Every structure is written in structure tokens, then in C-alpha cells.
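Per-entry structural report
These are the residues of each chain, in order.
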Amino acid sequence: MNKIYYIASCDTCRKIIKSLPKGNDLVFRDIKQDPLTTEELEEMYQLSGSYEALFSKKAQLYKSMNLKDKSLTEEDYKNYILEHYTFLSRPVFVIENGVYVGGTQQNMLQVMKALANV
């Protein structure tokens, strides 16, 4: 099942969702309304190979908690993501056996290519 994990109130997520091809076969998950499960995060981890790759260092909580001054482990990244939705870098697409994290232009090109091949 192909999914997009996003936050409905996020301007970047809304813009990206509008740009997706019509008729895509994605299940949409607003992680603010319906928080990530440990199993879903584990699936993302298996595909990305790192919790840090899934972690948003742009989150306001990251700055307010002074996490940049701490030496975080993979377990720390996992726990923070599960603790609060803003720590997941967004959007996250899980398409076929690939994971695409964030809304960079290069990443979105890969997402579009992956959706075209579904």
C-alpha cells in the first residue's frame, strides 16, 4: 500500500499534495490527526536505514529543546519522532519498496517517477 504521511496544516505539504498526479494510488495520513504507529515508523526505518534521515531538524521543538546542542542517537531520533509529530520530516512517501522523505525538488522528482511506475 502506497502512503503519504503529512500534516494538513503544513503549507509545504498542501502545495506538494496539489502537485501530485490525479488518480494516484496513495493513502493519505495526516500524522497530526492520526499519529504514527511504532510499526509505521519501523517500516520507514527499514526503507531509509536511519531514524535521523526521517527526523526534521527544522522543527520548532528541535530548536526550543536545544536538541542541536545534544548528541542524539538513533534511538533518540526514533523516540522523538514517536513522541511528537513535528519531528518527522514531511512529507514522507512510501511507494512500493521506497521511501522519499521531505519536499525537496529532487525528492519530488523521484516521487513523481515512482508514482508513474505504480
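Data block above holds the structure.
Keep in mind the model is a prediction, meaning the values are calculated, not measured. Residue numbers run consecutively from 1 along every chain, following the written order of its sequence. For a predicted model such as this one, the threshold for reporting local features is a pLDDT of at least 70, and the threshold for listing and counting side-chain atom pairs is 80 or more; totals across whole chains, interfaces and linings nevertheless cover every residue. As a rule here, side-chain values cover all heavy atoms of the structure and leave hydrogens and water aside.

Considering the environment of Cys 10
Put simply, DSSP marks the helices as runs of H or I at least four residues long and the strands as runs of E at least two long, and each gets a number from the N terminus on. Mapped onto the elements, Cys 10 comes out in the loop between strand S1 (2–6) and helix H1 (11–19). C-alpha of Cys 10 to C-alpha of Pro 91: the two residues are 81 residues apart in sequence and 9.4 Å apart in space.

Observations concerning the environment of Ala 8
Here Ala 8 lies in the loop between S1 and H1. Separated by 24 residues in sequence, Ala 8 and Lys 32 place their C-alpha atoms 7.9 Å apart.

Concerning the nonpolar core
In these notes, a set of buried Ala, Val, Leu, Ile, Met, Phe, Trp, Tyr and Cys residues joined through side-chain atoms within 4.5 Å is what counts as a nonpolar core. Note on classification: 1.4 Å probe, protein chains only; a residue is buried when its accessible area is under 20% of the maximum for its type, exposed when over 50%, partly exposed between these limits. One finds Met 44, Leu 88 and Phe 93 to be the most contacted residues of the largest nonpolar core, which totals 35 residues. Of all the elements in the fold, those that place two or more residues in this core are S1, H1, helix H2 (38–48), helix H4 (74–83), strand S3 (92–95), strand S4 (98–101) and helix H5 (105–116). In what follows, residue pairs with any heavy atoms lying within 4.5 Å of each other are defined as contacts. If near-sequence neighbours (up to four positions away) are discounted, Phe 93 is found in contact with Lys 3, Ile 4, Ile 16, Leu 20, Leu 26, Gly 98, Val 99, Tyr 100, Met 108 and Val 111.

With respect to the sheet that holds strand S2 (residues 26–30)
Here four strands make up an open sheet; going across it, the order is S2-S1-S3-S4 and the pairing mixed. The open sheet is flanked by S2 and S4, the only strands paired with a single partner. Strand after strand, the sheet turns through a mean of 15 degrees between neighbouring axes, direction not considered. What makes two strands pair is DSSP finding at least two bridges between them. Relative to S4, S3 is paired through four bridges, and the arrangement is antiparallel. In the sheet register, Val 94 faces S4, and the bridge partner there is Val 99. For helices, the axis comes from a line fit to the C-alpha atoms of the stretch in contact; other axes are also lines fit to C-alpha atoms, and the angle between any two N-to-C directions lies between 0 and 180 degrees.

Considering unusual backbone geometry
Trans peptide bonds make up most of the peptide bonds, and negative phi angles are found at most residues other than glycine. Following Arg 90, the chain continues to Pro 91 via a peptide bond in cis, the omega torsion being -15 degrees. One can find Pro 91 in the loop between H4 and S3. Unlike most non-glycine residues, Asn 66 shows phi in positive territory, near 55 degrees. Topologically, Asn 66 is positioned in the loop between helix H3 (60–64) and H4. Within the chain, Glu 96 stands out as a residue other than glycine whose phi angle is a positive 50 degrees. Tracing the chain through its elements places Glu 96 in the loop between S3 and S4. On the accessibility criterion, Glu 96 (52% relative accessible area) is exposed.

Focus: the packing of H2 against H4
H4 packs onto H2 with a crossing angle of 135 degrees between their chain directions and a minimal axis gap of 11 Å. Comparing their axes, H4 and H2 come out oblique. For the crossing formed where H2 meets H4, the hand is right-handed. Residue-level contacts link Thr 38, Leu 41, Glu 42 and Tyr 45 of H2 to Glu 74, Lys 78, Ile 81 and Leu 82 of H4. Across the contact of H2 with H4, the residue classes tally to four nonpolar, one polar and three charged. An angle below 35 degrees is treated as roughly parallel, one above 145 as roughly antiparallel, one from 65 to 115 as roughly perpendicular, and anything else as oblique. We call a crossing left-handed when the near helix sits turned anticlockwise from the far one by less than a right angle, and right-handed when that turn is clockwise. Side-chain classes are defined by residue name, with Ala, Val, Leu, Ile, Met, Phe, Trp, Tyr, Cys and Pro counting as nonpolar, Asp, Glu, Lys and Arg as charged, and the others, Gly among them, as polar.

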